[in-house]
Amino acid sequence: MPAHDYFVYITTNPGRTVLYIGVTNNLSRRLKEHWEDGQEKRQTFTGRYFCYNLIYYEYFQNIEQAISRETELKKWSRAKKVALIASRNPQWNFLNDQFKH
């Protein structure tokens, strides 16, 4: 079975007050979609809260593992999510530029 690329990711709004957790097989495309939602589609969560700034991600080669991790993270308290983000990105720097093509 060939390897694939999957990402569990956390985005936030410009003020870093709202968190969004998702899973995708193309992080660059998905971040672009979140940005467009913030500009045009206020009916989506990411559009309504401008959650298009990547602050955390994990890589997987198996979609079932990625979905399982996404589900796990969504159940965590905000404090636990903040600690996870800080463990890899203490300044909550926006990481979008790492995934621009």
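### A short note on the overall build of the protein
No. 1: Of regular secondary structure, the protein possesses four helices and three strands.
No. 2: In the protein, the order of α-helices and β-strands from amino to carboxyl end is β-β-α-α-β-α-α.
No. 3: Since a compact globule built from 101 residues should have a radius of gyration of about 13 Å, the 13 Å found for the protein is in line with a globular shape.
No. 4: Principal-axis analysis of the C-alpha atoms gives the protein an extent of 40 × 30 × 25 Å.
No. 5: By residue count, 44% of the 101 residues in the protein fall in the buried class.
No. 6: Long-range contacts, defined as pairs at least 24 residues apart, comprise 64% of the intrachain contacts of the protein with a sequence gap of at least 6.
No. 7: As displayed, the protein has an accessible area near 6100 Å², and 51% of this comes from carbon and sulfur atoms.
No. 8: For the protein, the centre of its 15 positive side-chain charges and the centre of its 10 negative side-chain charges are spaced 7 Å apart.

### Side note on the pairing of strand S2 (residues 19–24)
No. 1: Most of S2 is tucked away, with five of its six residues classed as buried.
No. 2: In terms of strand pairing, strand S1 (residues 6–12) meets S2 through six bridges, oriented antiparallel. Directly across from Thr12, in S2, lies its bridge partner Leu19.
No. 3: Hairpin connection, S1 to S2: the antiparallel pair is bridged by six residues, and Arg16 has positive phi, about 60°.

### A word on the environment of Leu73
No. 1: Structurally, the position occupied by Leu73 is in helix H3 (residues 63–75).
No. 2: On the accessibility criterion, Leu73 (1% relative accessible area) is buried.
No. 3: Put simply, Leu73 and Tyr9 are 64 residues apart on the chain and 9.8 Å apart in space, counted from C-alpha to C-alpha.
No. 4: Once residues lying within four places of it in the same chain are set aside, the contact partners of Leu73 are Val8, Ile21, Lys81 and Leu84.

### Examining helix H4 (residues 78–88)
Every α-helical turn comprises 3.6 residues, leaving residues that sit three or four positions apart pointing alike.
No. 1: The set of residues buried in H4 consists of Lys81, Leu84 and Ile85. The arc that holds the buried residues of H4, viewed along the axis, is 95°, so those residues lie on one side. When the buried face of H4 is taken as reference, the exposed residues oriented beyond 90 degrees from it are Ala79 and Ser87.
No. 2: Tucked inside the fold, the buried residues of H4 contact S1, S2, strand S3 (53–60) and H3.

Quick notes on the rules
- Throughout, a residue's number is its position along its own chain's written sequence, starting from 1.
- Local features in this predicted model are restricted to residues of pLDDT 70 or higher, and side-chain atom pairs are both shown and tallied only at a pLDDT of 80 or more, whereas totals for entire chains, interfaces and linings draw on every residue.
- The basis for every side-chain value is the complete set of heavy atoms in the structure, and neither hydrogens nor water enter the calculation.
- Helix and strand labels come from DSSP, where a helix needs a run of H or I of at least four residues and a strand needs a run of E of at least two; each type is numbered from the N terminus.
- Computation of the radius of gyration draws on C-alpha atoms, with the globule rule given as 2.2 Å multiplied by the number of residues to the power 0.38.
- The buried label applies to any residue whose accessible area, calculated with a 1.4 Å probe on protein chains only, is under 20% of its type's maximum; exposed applies above 50%, and partly exposed to all values in between.
- We call two residues contacting when some pair of their heavy atoms lies within 4.5 Å.
- Per-residue accessibility takes into account occlusion by the displayed protein chains alone, with areas from the Shrake-Rupley method and a 1.4 Å probe.
- Residues counted as positive are Lys and Arg, residues counted as negative are Asp and Glu, and His and the chain ends are not counted.
- Where a charge lies is defined by one atom per residue type: Lys uses NZ, Arg uses CZ, Asp uses CG and Glu uses CD.
- The rule for pairing is simple: two strands pair if DSSP sees at least two bridges between them.
- Comment: arc refers to directions from the helix axis out to C-beta atoms.

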